[in-house]
Amino acid sequence: MGVTKDGAKLYALTNYPPNSEDGGMKGWTSFTYAIEDAKGYRKVEAYTAFCNGGELLSKPVKGTNDPLKVPGWHVKTSGGSVSVIADSQASHDLLKSVCYLVYNQHR
């Protein structure tokens with residue numbers, strides 16, 4: 001997908017298709033991506049409330065109560081979750097791809 005402002009490389013993992021609902025979390029989209037940075041290469045499970053109708057939204061889907069006010073996603077960690085803001089072209093492109101894939105896999 002490209003390189004973030006911090007120099008990390010993001011990869012959309014198409015072997016792990018996004019889901020339009022994850023564990024009953026209506027309005028959320030779960031997905032898996034990879035990041036390569038100083039810590040190495042790793043797969044990351046994430047979820048976002050910024051996809052609707054194949055498009056990346058500028059505000060979260062109504063009713064999700066997402067604390068993020070700008071496009072981004074949440075990463076599951078052992079201690080809960082970490083919020084990631086899509087503040088680079090690479091992260092924005094990753095979210096756009098996820099939203100597109102979710103919409104088109106159900107058509």
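Cut-offs applied
- Residues numbered from 1 in each chain as written.
- Predicted model: local features only at pLDDT ≥ 70, side-chain atom pairs only at ≥ 80, totals over all residues.
- Heavy atoms only, no water.
- Helix = DSSP H or I, 4+ residues; strand = E, 2+ residues; numbered from the N terminus.
- Buried < 20%, exposed > 50% of the residue type's maximum accessible area, 1.4 Å probe, protein only.
- Contact = heavy atoms within 4.5 Å.
- Phe/Tyr/Trp six-rings, centres within 6.5 Å; stacked < 30°, edge-to-face > 60°.
- 1 Å grid on protein atoms, 1.4 Å probe; cavity = no way out; pocket = protein on both sides within 12 Å on 5 of 7 lines; lining within 4 Å.
- Points joined across faces, edges and corners; volume = space filled by probe spheres on them.
- Nonpolar A, V, L, I, M, F, W, Y, C, P; charged D, E, K, R; others polar.
- Pairing = 2+ DSSP bridges.
- Core = buried A, V, L, I, M, F, W, Y, C linked by side-chain atoms within 4.5 Å.

**As for the overall build of the chain**
Helix and strand content of the chain: one helix and eight strands. The burial tally for the chain puts 37% of its 107 residues in the buried class. Pairs at least 24 apart in sequence give 43% of the contacts found in the chain among residues at least 6 apart.

**Some thoughts on the packing of aromatic side chains**
Summed over all chains, the structure comprises five aromatic pairs. Centre to centre, the rings of Y33 and W73 are 5.4 Å apart; their planes meet at 75°, and the pair counts as edge-to-face. Note that Y33 is positioned in strand β3 (residues 29–37) and W73 in strand β7 (residues 72–77), a separation of 40 residues in sequence. Per residue, the accessibility class of Y33 equals that of W73, and both read buried.

**Comments concerning the layout of surface pockets**
There is about 350 Å³ of room inside the largest pocket. What lines the largest pocket is a set of 17 residues, and nearest its centre among them are T4, D6, I35, W73 and V84. Secondary-structure elements contributing two or more residues to the lining of the largest pocket are β3, β4 (40–48) and β8 (80–85). Considering every element that reaches the lining of the largest pocket, the biggest residue donor is β3, with three residues. Tallied by class, the residues present in the lining of the largest pocket amount to eight nonpolar, three polar and six charged.

**Looking at the pairing of β4**
As defined by bridge partners, β3 adjoins β4 across nine bridges and the pair is classed as antiparallel. Following the sheet pairing, E36 is matched in β4 by Y41. What sits between β3 and β4 in their antiparallel hairpin is a turn of two residues.

**Focus on the environment of N19**
Locating N19 in the fold gives a position in the loop between β2 (9–12) and β3. The contact partners of N19, leaving out residues within four places of it in the chain, are W28, T29, S30, V102 and Q105.

**Some thoughts on the nonpolar core**
Among the nonpolar cores identified, the biggest contains 20 residues, and L10, F31, Y33, I35, W73, L94 and L95 are the most heavily contacted of them. Where this core is concerned, the elements lending two or more residues are β3, β4, β7 and α1 (89–105). Ranked by the residues each element gives to this core, the list is headed by α1, at six residues.

**Notes on the pairing of β2**
Examined bridge by bridge, strand β1 (residues 2–3) and β2 share two bridges and lie antiparallel to one another. For G2, the partnering residue across the bridge sits in β2 and is L10. The antiparallel hairpin formed by β1 and β2 contains five residues in its connecting segment, where G7 sits at a positive phi of about 90°.

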